[in-house]
Amino acid sequence: MPVDRSLVGKKTPVYTFEVEKGHIRRFVEAVGDPSPLYVDEEFAKATPFRGLIAPPTFATALTMNMPSPLSDVPDFELRRVLHGEQEYVYHRPMRPGDKYWIQQEITDVYDRQGKSGRMTFIVVEAVARDINDLPVVTCRSTIVYRQDI
Amino acid sequence: MALTFEHLREGMELEPLVKPPVDRVQLVKYAGASGDFNPLHTVDDFARQAGLDGVIAHGMLSMGFLGQYVRHLVDAGADIKRMQVRFSRMVKPGDVLTCKGKVIAVRQNDRTAELEIAAVNQRGEVVTAGKAEVRFF
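A short tour of the structure in this document, coming up. (Residues numbered from 1 in each chain as written. Chains lettered and ligands numbered in written order. Predicted model: local features only at pLDDT ≥ 70, side-chain atom pairs only at ≥ 80, totals over all residues. Heavy atoms only, no water.)

### A look at the side chain of Asn121(B)
This is how it is decided: Numbered from the N terminus, helices here are DSSP runs of H or I no shorter than four residues, and strands are runs of E no shorter than two. We call two N or O atoms a polar contact when they sit within 3.5 Å, provided that within protein one can donate a hydrogen and the other can accept it, with sequence-adjacent residues counted only if both atoms are side-chain atoms.
Within the fold, Asn121(B) resides in the loop between strand E4 (112–120) and strand E5 (126–136). At 2.8 Å, the side chain of Asn121(B) and the side chain of Glu125(B) are in polar contact.

Next comes the structure, spelled out in structure tokens:
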């Protein structure tokens, strides 16, 4: 299966992800984000969020190092990959203690000619749903695959 | 001082946030915390094989800075409903990113504001830019 339009529609199985307080803490430490909303329970309780939430880009952890619709594509080389675009739509806040059911799907693939030759853009969409099957966050990543490096 | 919905005006420039220089330890910590273990961000030899001079930061780290910026702007006074960015330049260890923002739309009916956001490096080049939507309580 080459890295081309034949990948459109390829999905992962549904997998689960549990949001852990310590994971959020390590994430905001790495970013250097000092907001108490993510780590200080007493502070967060007194806000309209009524408790700790995760920062918006924590959503990346829902898809990284997880089942990927690209992981079993033969000859897919990580060194050719760049991250082109990222979008998150937040339907409700992510909170420590939550469990999500996530599925990722390749929704689009298209080619562009770039400085370093042919580049294939791969759009991967992931939707995380909660225990009530309500969407929590929709993640849309555009991966740039450099075919000619 | 966090922004309040009542003070927002279309076209309003928002106070920038200057981040400390990106460093290699941060990239290792970010790899661990995000789960993005692409060695392009942590192993120089691998990055060279990919045609770069050395490791580059995760694009998502710069988006993380912008997430920090948006939260810093609104504090706990608004919910972040959407973020979208394009990664247009690489970030290397030592780069200093400044997050900048501007109000591009204010919607009274659902107390939502659309912000233009950008992370700019020490040479004034935009590395990561896009939009965020925040809904005030």
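Following the structure, the description resumes.
### Side note on the pairing of strand E5 (residues 135–146) of chain A
Residues and elements named next belong to chain A. Counted only if it meets this: The buried label goes to any residue with under 20% of its type's maximum accessible area, the exposed label to any with over 50%, and the partly exposed label to all in between, with areas taken from a 1.4 Å probe on protein chains only. At least two DSSP bridges between two strands are required for those strands to pair.
Where burial is concerned, most of E5 is hidden: ten out of the twelve residues are buried. Bridge analysis of strand E2 (residues 81–90) against E5 gives nine bridges, and the strand direction is antiparallel. By the bridge assignment for E5, Gln 86 is matched with Ser 141. Sheet topology note: the strand E4 (residues 117–129)/E5 ladder contains eleven bridges and is antiparallel. Paired with Val 127 across the strands is Thr 138, a residue of E5.

### Let's talk about a nonpolar patch on the surface
Residues and elements named next belong to chain A. Worth spelling out the cut-off: Only residues above 30% relative accessible area that lack a salt bridge enter a patch, with like-charged residues linked at up to 9 Å and the nonpolar side chains Val, Leu, Ile, Met, Phe, Trp and Tyr linked at up to 5 Å. Surface accessibility follows the Shrake-Rupley procedure with a 1.4 Å probe radius. Residue values consider only the protein chains on display as shielding. By definition, a salt bridge exists where a carboxyl oxygen of Asp or Glu is found within 4 Å of a side-chain nitrogen of Lys or Arg.
Nonpolar side chains collect at one region of the surface, where Val 14, Trp 101 and Ile 131 lie side by side and expose about 310 Å² of accessible area between them. Within the fold, Val 14 resides in the segment before strand E1 (15–18). With a relative accessible area of 48%, Val 14 lands in the partly exposed category.

### Remarks on unusual backbone geometry
All names here are of chain A. Despite not being glycine, Asn 65 shows a phi value in the positive range, around 55 degrees. Among the structural elements, Asn 65 can be located in the loop between helix H2 (41–45) and E2. Not every positive phi belongs to a glycine, and Asp 133 is a case in point at roughly 65 degrees. Topologically, Asp 133 is positioned in the loop between E4 and E5.

### Thoughts on the interface of chain A and chain B
Many analyses report the size of an interface as the accessible area lost when the parts associate. Just so we agree on the cut-off: Whether two residues are in contact is decided by their heavy atoms, any of which lying within 4.5 Å being enough. A 1.4 Å probe defines the accessible area here, and the buried area is the portion of it lost by two parts on being joined, summed over both.
The interface is formed by 39 residues belonging to chain A together with 38 residues belonging to chain B. Carbon and sulfur atoms make up 60% of the area that chain A and chain B hide from each other, which totals about 3,100 Å². Its largest share of buried area at the contact with chain B, chain A owes to Ala30(A), Val31(A) and Arg79(A), together 17% of the area lost on that side. Inspection of the region where chain A meets chain B yields two salt bridges. Run the count over chain A and chain B and you get 14 residue pairs in polar contact (both at pLDDT 80 or more). Put simply, the parts of the chain that give the side of chain A that touches chain B at least two residues each are helix H1 (21–31) and E2 of chain A.

### Some remarks on the sheet that holds E5(B)
Which entries qualify depends on this criterion: Helix axes use the C-alpha atoms of the stretch in contact, all axes being lines fitted to C-alpha atoms, and the angles between their N-to-C directions lie in the range 0 to 180 degrees.
Overall, antiparallel pairing links the ten strands, which are arranged E1(A)-E3(A)-E4(A)-E5(A)-E2(A)-E2(B)-E5(B)-E4(B)-E3(B)-E1(B) in an open sheet. Two strands in the sheet have a free side with no partner beyond their single neighbour: E1 of chain A together with strand E1 (13–18) of chain B. Strand-to-strand twist across the sheet, computed as the mean angle between neighbouring axes with direction ignored, equals 25 degrees. Along the sheet, helix H3 (residues 59–74) of chain B makes contact with E2 of chain A together with E1, strand E2 (78–87), strand E3 (98–107), E4 and E5 of chain B, crossing E2(B) at roughly 150 degrees.

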